[in-house]
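Here is what each chain is made of, one letter per residue.
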Amino acid sequence: MSTLQLFYGALITPVSLTAYRALPHALLAVSRDTGDIAWLEDDVPAGALQDALARHGLLAEEVDIVELKLGEFLMPGFVDTHIVRAPFLCISYV
């Protein structure tokens, strides 16, 4: 089993306090050991998943890929603290 957990689908990531990137076909690799983001491919059409995995030395049969459904998305680093006055908090957690 791979030490990575892969997620494929929409991803929204902040680039500053006032801007973000919306990536509808992202491939995100997260370390199972640490929870850190190992790598990210920005724009991977479904037909190019094998090629994206190969660039990282992986085979589809060796990894577990969670494919997000329509309307689902990930926001790496966002933690909802449920505290109204708390500032935006970013950590490496998915």
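Residues numbered from 1 in each chain as written. Predicted model: local features only at pLDDT ≥ 70, side-chain atom pairs only at ≥ 80, totals over all residues. Heavy atoms only, no water.

## Some thoughts on the overall build of the protein chain
- Per the secondary structure count, the protein chain includes one helix and five strands.
- Sequence-ordered secondary structure for the protein chain, helices as α and strands as β, is β-β-β-α-β-β.
- A burial count over the protein chain gives 31% of its 94 residues as buried.
- Excluding contacts between residues fewer than 6 apart, the proportion of contacts in the protein chain whose partners are at least 24 apart in sequence is 46%.
- Within the structure as shown, the protein chain displays about 6400 Å² of accessible surface, and the carbon and sulfur contribution to it stands at 58%. (Helix = DSSP H or I, 4+ residues; strand = E, 2+ residues; numbered from the N terminus. Buried < 20%, exposed > 50% of the residue type's maximum accessible area, 1.4 Å probe, protein only. Contact = heavy atoms within 4.5 Å. Areas by Shrake-Rupley, 256 points an atom, 1.4 Å probe, with all protein chains shown as cover.)

## Comments concerning the pairing of strand β3 (residues 37–41)
- Two elements, strand β2 (residues 20–31) and β3, share four bridges in a ladder whose sense is antiparallel. In the strand pairing of β3, L28 is matched with L40.
- Where β2 folds back onto β3 in an antiparallel hairpin, the turn is made up of five residues, including G35, whose phi is positive at roughly 80°. (Pairing = 2+ DSSP bridges.)

## Overview of the pattern of salt bridges
- Counted under the stated rule, the structure contains three salt bridges.
- With a shortest N-O distance of 3.0 Å, R55 and E41 are connected by a salt bridge. You can see R55 sitting in helix α1 (residues 49–55) and its partner E41 sitting in strand β3, a full 14 residues away along the chain.
- Using a relative accessible area of 16% as the deciding quantity, one classes E41 as buried. (Salt bridge = Lys/Arg side-chain N within 4 Å of Asp/Glu carboxyl O.)

## Quick notes on the nonpolar core
- By size, the foremost hydrophobic cluster in this structure holds twelve residues: L4, L6, Y8, L27, A29, W39, V44, L49, A52, L53, L58 and V63.
- Those residues in contact with L49, other than ones at most four positions away along the chain, are Y8, L27 and V44.
- Counting eight residues, the second largest nonpolar core, distinct from the first, contains F7, L11, A26 and V30. (Core = buried A, V, L, I, M, F, W, Y, C linked by side-chain atoms within 4.5 Å.)

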